[in-house]
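Chain by chain, the residues:
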Amino acid sequence: MTERIKSLLDRTFAKEQKKFRRDVDWKPLLDKFIAEGVDDETRARMGLEAMLAAEEPAFMEGETIHFLRTVKQIPDLHSDAEMDARRAAGTAFGEKGVVFNLTADFGPTIAVGLDARLDEIAARLAKAEAEGDAEGVNFLRNADLSVRAVLGLADRYGIEHVPHKGARTLHEALQFLRILHYAMWCEGEYHCGLGRIDQYLFPYYDADIKSGRLTDEAALEELEEFFIACNRDSDLYIGVQQGDNGQSVMLGGVTRDGKNAFNDLSRLCMKACGELKLVDPKINLRVDKTTPLEVYEAGTELTKEGLGFPQYANDDVVIPALQKWGYELEDARDYSVAACWEFLIPGVGMDINNIDAVSFVGSLDAAMRGASAAASYEDVEKAFFGEIQRRADALVKKYAHVEILPGPFVSVISTGCVARARDICKGAKYNNFGIHGTGIAVAVDSLAALKDVVFEKRLVTLSELVKLLDTDFAGRPDVLSAAEAAPKMGNADPRADEIAKRLIAFWGHAFDGKRNDRGGIFRPGTGSAMYYIWHARDVPASPSGRLRGQPLSANYAPSLDVPVKGPISVVRSFTEPDLGPVCNGGPLTIEIHDSAFAMPDGVTKVAQLVKFFVERGGHQMQINTINRETLVDAQKHPDLHRHLIVRVWGWSGYFVELDKEYQDQIIKRVELCA
Amino acid sequence: MTGRVFEIREFTLHDGPGVRTTVFLKGCPLRCAWCHNPEGQSFEKETMVRKDGRRVPCGEDWSPEALAEELLKNADIMASSGGGVTFSGGEPLSQSDFVLAVAALLKPKVGVAIETSGYAPGDVYERVISQMDFVYQDLKHHDADAFRKWCGGELGVVLDNIARLRRSGVRHSLRVPLIPGVNDSEADRGAFAALAGGSPVEYLPYNPAAGAKYPMLGRKYEL
């Protein structure tokens, strides 16, 4: 790392950027929107214009890639009352209602420049006017003004060439990307992914190297500066917890025509992250059965640093799964992740990948209570699947009519919106909704335990067990012990794994034939997002022996506090099910003790573990390197551990910045290889 | 024939090449003051009591066939990574017939290694190490009196076996667990290097959590 980068890094950690910040009260703007009845599209444009006009160019000493947030608040475009009225009238929204969890198609705009995009908008506007397409005209006029607002701020920054014209060098491309990404946040979008930067930035890198303009070291320095910039404003980005900001990058994989896409820039991006040790951007790495061990080793070097990434995605599973869901092969090959792990095609996907979740633990609890007269284990499982189906159907109904609020600027940098003369909120090529399935392992362990305790050992009847769940097994330590001793998912025990296979097979087809009113499908997944905390609050104890109040495991991982033989068995269990049908995303999440890397070949061994997961048909995996003592100490002495990074659910954050509930859950996770 | 095992741990990263599982055999003739696996010392089954009051049985009897079958469930990744199984303990040489029987079942498919104090009769030692791909031989002290005091045994037995190990030609490494104030001075290092006679030596840092399991057995960690 050069002295300049080191200095920028230190000052970013010291939060020097905060000295430029100020508060702006946007209420007068909102009042104006309401008083004048301004339409959604125009509000979005006017909000962006106001935001960018309020921004002051700010420069940190030594930086060459600019754009820094100075205004803390982004304008609210709608009042709560307005949104509530729309909900009451039957419209559903995904989270806040705006475009979110989305990766734009940065590459083409970086290539041609915004002036060229303005020409394109003007030509299309003339056509829309001629056709009398009022909606198209309104969108295109607002799109035009949005682009001009972004150019205006760039001019005030005094940035030359880009973003007016297309980038000629890697440095210009990175500056351009910074501007586009920054503008999305200012427009009100959030969880804005960066996508496949090693693909769309590669031509600039390659040309610089070939022409001798850049050495690899100089390219690394430019990438590092850009990555540091991703950490400056991130505390202003919306998320459930600090760090949950969706700045994901996808590296490697294959090109749209199916050729190996892992290149020198992919490698350089990983190297930059390893040197900087920052939470952003969060690296994802696409692999398949042909990926050589050395690529996994390069990834594991980051894991070793405790960054909680890369998160691996397996092309052999994901691409065919996306195709089965109707994605064209070339698009499927171009997949990235939305914010955490939800697979998304940048530019063409307006999928809402995390619109809701089904609680498997809650479903099982409800099913047991409704089936207390069940004569056999099979009856309980059937009732459980029936409850899942009922909840899935309810979600289909709940999201029959979803509206997304417009984003004229993000539409310009997404594929085809200008040509269609429609905002991306009206739909893109893909308009699917993703539904998480939470608490898989606790549900499987619970079924295995109740099968054992109720139907095989016959220690209690089902209705007695249900009563015990309400009292945390009070008075029946024998039942609790038997439940704890029953088979668990993660031990390569077919008695649990067969249940998991049936559950995931059922879940994978729970939405077959269902469509939303955008023509999209519902994609089930194995992720949890923050629901692993929320859903745990809704249920009493579980038949697995989980007591009331104990959290669920995040994503696709063994239950907390469950003794497992080790990570090989965990991988074996969690790759037994066919994961294609649940490919909305949701990684196997494992924790490895940091002493695993004390020996020189620790990196190779952990890399072999990931490779094993991929070869066995796993879809997605993330690994935390942690040390329980360090985490406990960090709770007591946060000042001494400000840089301690952990993987939370689909993103890495600073441990000391998390709420205690999330900290405690991480401490309780199964720590392998102690 | 059965063997008594107190733990089977997957993906052990410090016990040899490749992806490995380590089998911890119960019972040991030595009583090293710094032993971090006190539940491996007694040959009898025991019960460990966790802080929260839960009782964990410790010690399970396996037939060689059943144990080999369990271990070979991971033969695929062990073989592809150049790994295998490591016998540890306790003192695996105290159950040498069992170890040899299990090793014979494993060897066609995966590698086998042993971690031993070397505290066993010479013929037993030779018979077992000749079947191993790799041997981690402990070298706990260089001084006979100190070895008697801290480990409760005769150093000569170990040194004779180390000589057998070198003559055998089996790949090996000598491991010195560094214990503050016991064997970690510069002078100690010199003495260990002299004893090693050219065999590779690894110095293992003291594990500050070594005493963690003693209270679970109702015992006190004396070091």
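Residues numbered from 1 in each chain as written. Chains lettered and ligands numbered in written order. Predicted model: local features only at pLDDT ≥ 70, side-chain atom pairs only at ≥ 80, totals over all residues.

*Asks:* What is the right way to read the overall build of chain B from this model?
*Replies:* Each helix and strand counted, chain B has seven helices and 10 strands in total. Its C-alpha atoms give chain B a radius of gyration of 17 Å, near enough to 17 Å, the size a compact globule of 223 residues would have. For chain B, the C-alpha atoms occupy an extent of roughly 45 × 45 × 30 Å along the three principal directions. Out of the 223 residues in chain B, the part that is buried amounts to 43%. Partitioning the intrachain contacts of chain B with sequence separation of at least 6 by distance along the chain shows that 69% fall at a separation of at least 24. (Helix = DSSP H or I, 4+ residues; strand = E, 2+ residues; numbered from the N terminus. Rg over C-alpha atoms; globule rule 2.2 N^0.38 Å. Buried ≥ 20, exposed ≤ 12 C-beta atoms within 10 Å, placed from the backbone. Contact = placed C-beta atoms within 7 Å.)

*Asks:* How should the overall build of chain A be read in this particular structure?
*Replies:* Within chain A, the regular secondary structure consists of 28 helices and 15 strands. On C-alpha atoms alone, chain A measures out to a radius of gyration of 25 Å, which is about the 26 Å that the 2.2 N^0.38 rule sets for 674 residues. Projecting the C-alpha coordinates of chain A onto the three principal axes gives extents of approximately 75 × 60 × 50 Å. Within the span of chain A, comprising 674 residues, buried residues form 57% of the whole. Residue pairs in contact within chain A that sit at least 24 positions apart in sequence constitute 79% of those at least 6 positions apart.

*Asks:* In this structure, what is going on with the interface of chain A and chain B? I would like to understand it.
*Replies:* Note: interface size is frequently given as the accessible area lost on complex formation between the parts. Every contact between the two is made by 15 residues of chain A and, on the other side, 11 residues of chain B. Broken down by element, the side of chain A that touches chain B gets its largest block of residues, five residues, from helix 26 (residues 602–615) of chain A. Considering only residue class, the side of chain A that touches chain B consists of nine nonpolar, four polar and two charged. (Nonpolar A, V, L, I, M, F, W, Y, C, P; charged D, E, K, R; others polar.)

*Asks:* Can you walk me through the sheet that holds strand 9 (residues 433–438) of chain A in this structure?
*Replies:* Residues and elements named next belong to chain A. Within the open sheet, the three strands sit side by side as 8-9-10. Their pairing is parallel. The two strands at the open ends of the sheet, each matched to only one other strand, are strand 8 (352–359) and strand 10 (522–525). For this sheet the average axis-to-axis angle between neighbouring strands, irrespective of direction, equals 30°. Two elements, strand 9 and strand 10, share four bridges in a ladder whose sense is parallel. The partner of Phe 433 across the bridge, within strand 10, is Phe 522. Contacting strand 8 and strand 9, helix 16 (residues 360–370) runs over the sheet at an angle of about 30° to strand 8. (Pairing = 2+ DSSP bridges. Axes fitted to C-alpha atoms, helices over the stretch in contact; angles between N-to-C directions.)

*Asks:* So what exactly am I meant to see when it comes to the sheet that holds strand 10 (residues 201–204) of chain B here?
*Replies:* Strand pairing in a sheet relies on backbone hydrogen bonds, with the paired strands running either antiparallel or parallel. Residue and element names in this part refer to chain B. Overall, mixed pairing links the eight strands, which are arranged 5-1-2-6-7-8-9-10 in an open sheet. The two strands at the open ends of the sheet, each matched to only one other strand, are strand 5 (60–62) and strand 10. Each neighbouring strand pair of the sheet contributes to a mean axis angle of 30°, computed without reference to strand direction. Both strand 2 (residues 20–25) and strand 6 (residues 84–89) contribute to a ladder of six bridges, which runs parallel. Across the sheet, the residue bridging to Thr 22 is Thr 86, located in strand 6.

*Asks:* How do you make sense of the nonpolar core when you look at a structure like this?
*Replies:* When a protein is soluble and globular, its nonpolar side chains tend to lie buried together. All names here are of chain A. In this structure, Val 150, Cys 269 and Val 444 are the most contacted members of the largest nonpolar core, which totals 262 residues. Ranked by residue count, the leading element in this core is helix 8 (residues 170–187), at 12 residues. Those residues in contact with Val 150, other than ones at most four positions away along the chain, are Leu 52, Leu 114, Pro 163, Ile 179, Ala 183 and Phe 409. (Core = buried A, V, L, I, M, F, W, Y, C linked by C-beta atoms within 7 Å.)

*Asks:* Hey, could you run me through helix 14 (residues 315–324) of chain A in this one?
*Replies:* Turn by turn, an α-helix covers 3.6 residues, leaving residues three or four places apart pointing in a common direction. Residues and elements named next belong to chain A. Residues of helix 14 that are buried include every one of Asp 315, Val 317, Val 318, Ile 319, Ala 321 and Leu 322, and no others. Along its buried surface, helix 14 packs onto strand 4 (282–287), strand 5 (311–314), helix 15 (329–332) and strand 7 (343–344). Two residues or fewer past helix 14, Gly 326 is found with a positive phi of approximately 100°.

*Asks:* What exactly am I supposed to notice about the environment of Gly407(A) here?
*Replies:* For Gly407(A), the location among the structural elements is in the loop between helix 17 (377–398) and helix 18 (408–412). For Gly407(A), a count of 32 C-beta atoms within 10 Å corresponds to the buried category.

*Asks:* For this particular structure, what's the right way to read the packing of helix 20 (residues 440–456) of chain A against helix 22 (residues 477–485) of chain A?
*Replies:* The axes of two packed helices give the description: the angle between them and the distance between them. Residues and elements named next belong to chain A. Where helix 20 contacts helix 22, the two axes come as close as 8 Å, and the packing angle between them is 130°. As judged from the angle between their axes, helix 20 and helix 22 are oblique. The interaxial crossing formed by helix 20 with helix 22 has right-handed handedness. Of the residues in helix 22, those touching helix 20 at Ala 449, Asp 452 and Val 453 are Val 479, Ala 482 and Ala 483. (Parallel < 35°, antiparallel > 145°, perpendicular 65-115°, else oblique. Left-handed = near helix turned anticlockwise from the far one by under 90°.)

*Asks:* Please clarify how unusual backbone geometry should be interpreted in this entry.
*Replies:* Trans peptide bonds make up the majority, and among non-glycine residues the majority have a negative phi. Residue and element names in this part refer to chain A. That bond from Val 162 to Pro 163 is cis: its omega, 0°, falls within 30 degrees of zero. Phi at His 161 is positive, roughly 70°, even though this residue is not glycine. Turning to its location among the elements, His 161 is positioned in the loop between helix 7 (134–157) and helix 8. Although it is not a glycine, Ala 529 adopts a positive phi angle of roughly 45°. You can see Ala 529 is positioned in the loop between strand 10 and helix 24 (531–537). Residue Ala 529 is classed as buried on the basis of its C-beta count, with 28 C-beta atoms lying within 10 Å.

*Asks:* In this structure, what is going on with the pairing of strand 10 of chain B? I would like to understand it.
*Replies:* Consecutive residues of a regular strand have side chains that alternate between opposite faces of the sheet. All names here are of chain B. Two strands pair when backbone bridges link them, and strand 9 (residues 172–177) and strand 10 are joined in this way by four bridges, in the parallel orientation. Residue pairing across strands places Arg 175 opposite Glu 202, the latter belonging to strand 10. The β-α-β motif built from strand 9, the intervening helix 7 (residues 186–196) and the parallel element strand 10 has right-handed crossover chirality. (Right-handed = clockwise from strand over helix to strand, strands pointing away.)

*Asks:* What should I look at first to understand the pairing of strand 3 (residues 248–252) of chain A in this one?
*Replies:* Residues and elements named next belong to chain A. Among the five residues that make up strand 3, five are buried, leaving the element largely enclosed by the rest of the structure. The pairing of strand 3 with strand 4 spans five bridges and is parallel. In the sheet register, Gly 252 faces strand 4, and the bridge partner there is Arg 286.

*Asks:* Where do I start with helix 6 (residues 155–168) of chain B in this structure?
*Replies:* Residue and element names in this part refer to chain B. The end-to-end C-alpha separation of helix 6 is 20 Å, in line with the 20 Å expected for 14 residues at 1.5 Å each. Taken together, the buried positions of helix 6 are Leu 155, Val 158, Asn 161, Ile 162 and Leu 165. Projected down its long axis, helix 6 carries its buried residues within an arc of 125°, all on one side. Those residues of helix 6 that are exposed and aimed more than 90 degrees away from the buried face are Gly 156, Ala 163 and Arg 167. Tucked into the core, helix 6 has its buried residues touching helix 4 (122–129), strand 8 (134–138), helix 5 (144–151) and strand 9. (Expected span 1.5 Å × (residues − 1). Arc of directions from axis to C-beta.)

*Asks:* Looking at this model, I keep getting lost on the environment of Leu465(A). Mind explaining?
*Replies:* Residue and element names in this part refer to chain A. As for its position among the elements, Leu 465 is in helix 21 (residues 462–470). By the C-beta count within 10 Å, which is 23 here, Leu 465 ends up buried. Through-space distance from the C-alpha of Leu 465 to that of Val 453 is 9.0 Å; in sequence the pair is 12 residues apart. Once residues lying within four places of it in the same chain are set aside, the contact partners of Leu 465 are Leu 450, Val 453, Val 454, Val 460 and Pro 543.

*Asks:* Got a minute to help me understand the packing of helix 1 (residues 64–71) of chain B against helix 3 (residues 96–106) of chain B in this structure?
*Replies:* All names here are of chain B. Close contact between helix 1 and helix 3 brings their axes to 9 Å; oriented N to C, the two are set at 45°. By the criterion of interaxial angle, the relationship of helix 1 to helix 3 is oblique. Crossing hand, helix 1 versus helix 3: right-handed. Contacts between helix 1 and helix 3 involve Pro 64, Glu 65, Leu 67, Ala 68 and Leu 71 from the former and Phe 98, Ala 101, Val 102, Leu 105 and Leu 106 from the latter. Of the residues in the contact of helix 1 with helix 3, the class split is nine nonpolar, no polar and one charged.

*Asks:* I keep staring at the environment of Glu484(A) and nothing clicks. Help me out?
*Replies:* Looking at where Glu484(A) falls in the secondary structure, it is placed in helix 22. It is 9.6 Å that separates the C-alpha atoms of Glu484(A) and Ser446(A), two residues lying 38 residues apart in sequence.

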